[in-house]
Amino acid sequence: MIEMRMSIGMNEYGVLYKLLLNNWEFKRNRIAINCDGDNLTYEKFIGMIDTLASNDWINNLKNRTVAMIMDNSIEFTVVLYALSKVGAVVFLVNPHFDIEAMRKLVDICKVEYVMTDRPDIWEKMINENYMEVYKNVRLGHMRDESGSVCEYGHLIQTSSGTTGVPKVSIRSDENISVDVQHICSSYQYDYEKTIYSAVPFYHGYGLTMGLISPLAAGMEIVFSKIFMLNRFCLFISKQKIDYFLGAPNTYKVLCNYENDLRGCVNNVSTYISSGSPLTKELSKLFYNMFKIWIVETYGMMEASSIAANMMPNQNNYYCVGKPVNGVQLRITDGYIYIKSDAISKYYITEQGIKPICLCDDWFCTNDTGFILDTGELVVNARSKEEK
């Protein structure tokens, strides 16, 4: 369980930075980040964050909306936590979106600044009025906006989800703190464990399960700028890890290289999949090849983790398991409803900030499903219509 230990002056920091400082005495000399062989201890990692946060340009971003358009890297993690420390509102944008889609999202969210390490994005979005603030990361000024979203939360996430309809939600500090507690307790994250993430951190699943929660728990996070099977095989051939975080497409790749993985696949204790539905066929194929069942996690951008099949077997591998700690489930008229303090309270739309509709504190996921006698959830389909 994650327990916050507040120090003098800590209340002024953003929630991500505060969670990072949690249980500091157990963390400081442990490895926090391992990116393509470059290791940072928690002490060095926080030192880099503090240095960047002291930059005048960064320090002046309190309550300003900043779009981060970056792939996985050490720079991504340092920038994200530095922005959290100074109290900026961070909007995570997929850097592989079409440039026009990026512009539209930036306008809808009234983004005031953009941070990216991608030269092509600068050429197409901003050609001037920027500063290089950290290595090859540039900060560009877009507009001055009054009425920032900071009163609602300090993290904005976007996802097209499985329906293809873009959604943008605001994650409050409470949402994030509660979500981290749910994840750490449900998946038994702790400071003696290691996680290998093949999921981008700008994605809600990769962010919460692959970055924020492991760092709050004091784990070692291993990742590459771009997931490469040969690097993954080399790493797990030398070191056992506790969790591998992937999406269904990741597992399709693993299944295509059965011979490469056969000698080391068992050096991973738990394989987790989320981000999109894991088909019965893929789950069974992976098991037939490696005799390992994949733990499927069911979640949504605006609610994070909802349920997880923590003990998959031949009788239940097709379901998404029981609710994670802190989440309640019910089925009404065939639709899946959830209740949790991790649910966002607001969407951002072209018409402005819109409250997320709840019915007596229950949120309709718009997905259909049913609950087995064992209490495990089966998801039938995603609904494209808003209830």
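Treat the numbers as computed from the prediction; the structure is a model and nothing was measured. (Residues numbered from 1 in each chain as written. Predicted model: local features only at pLDDT ≥ 70, side-chain atom pairs only at ≥ 80, totals over all residues. Heavy atoms only, no water.)

> Any chance you could explain the pattern of salt bridges here in plain terms?
A side chain with one charge can pair with a side chain of the opposite charge if their charged atoms come near. Using the criterion set out here, one finds 14 salt bridges in the structure. Notably, a salt bridge pairs E75 with K135, separated by 3.8 Å at the nearest N-O pair. A residue pair is termed long-range when its members are at least 10 positions apart, and E75 in helix α5 (residues 74-86) and K135 in the loop between β6 (130-134) and β7 (137-141) qualify at 60 residues. A residue is classified by how much of its surface remains accessible, and K135, at 53% relative accessible area, is exposed. Between K193 and D190 there is a salt bridge; the shortest N-O distance is 3.9 Å. (Salt bridge = Lys/Arg side-chain N within 4 Å of Asp/Glu carboxyl O. Helix = DSSP H or I, 4+ residues; strand = E, 2+ residues; numbered from the N terminus. Buried < 20%, exposed > 50% of the residue type's maximum accessible area, 1.4 Å probe, protein only.)

> In this structure, what is going on with the sheet that holds strand β19 (residues 346-349)? I would like to understand it.
In any sheet, the strands associate via hydrogen bonds between backbone groups, in a parallel or an antiparallel arrangement. Taken in spatial order, the 9 strands make up an open sheet running β6-β7-β5-β3-β4-β8-β9-β19-β20, and their pairing is mixed. The open sheet is flanked by β6 and β20 (352-355), the only strands paired with a single partner. Direction aside, neighbouring strands of the sheet carry axes that sit 25 degrees apart on average. Of the pairings in the sheet, the one linking strand β3 (residues 65-69) to strand β5 (residues 113-116) comprises 4 bridges and is parallel in character. When the bridges of β5 are listed, M68 appears paired with M115. (Pairing = 2+ DSSP bridges. Axes fitted to C-alpha atoms, helices over the stretch in contact; angles between N-to-C directions.)

> It is not clear to me how the packing of helix α11 (residues 248-255) against helix α13 (residues 280-290) should be interpreted in this structure. Could you clarify?
When two helices pack together, their arrangement is captured by the angle between the axes and the distance separating the axes. Contact geometry for α11 and α13: axes closest at 10 Å, N-to-C directions at 35 degrees. For the pair α11 and α13, the sense of crossing is left-handed. Contact residues: α11 offers P248, Y251, K252, L254 and C255, while α13 offers L282, L285, F286, M289 and F290. In terms of residue class, the contact of α11 with α13 is made up of 9 nonpolar, no polar and 1 charged. (Left-handed = near helix turned anticlockwise from the far one by under 90°. Contact = heavy atoms within 4.5 Å. Nonpolar A, V, L, I, M, F, W, Y, C, P; charged D, E, K, R; others polar.)

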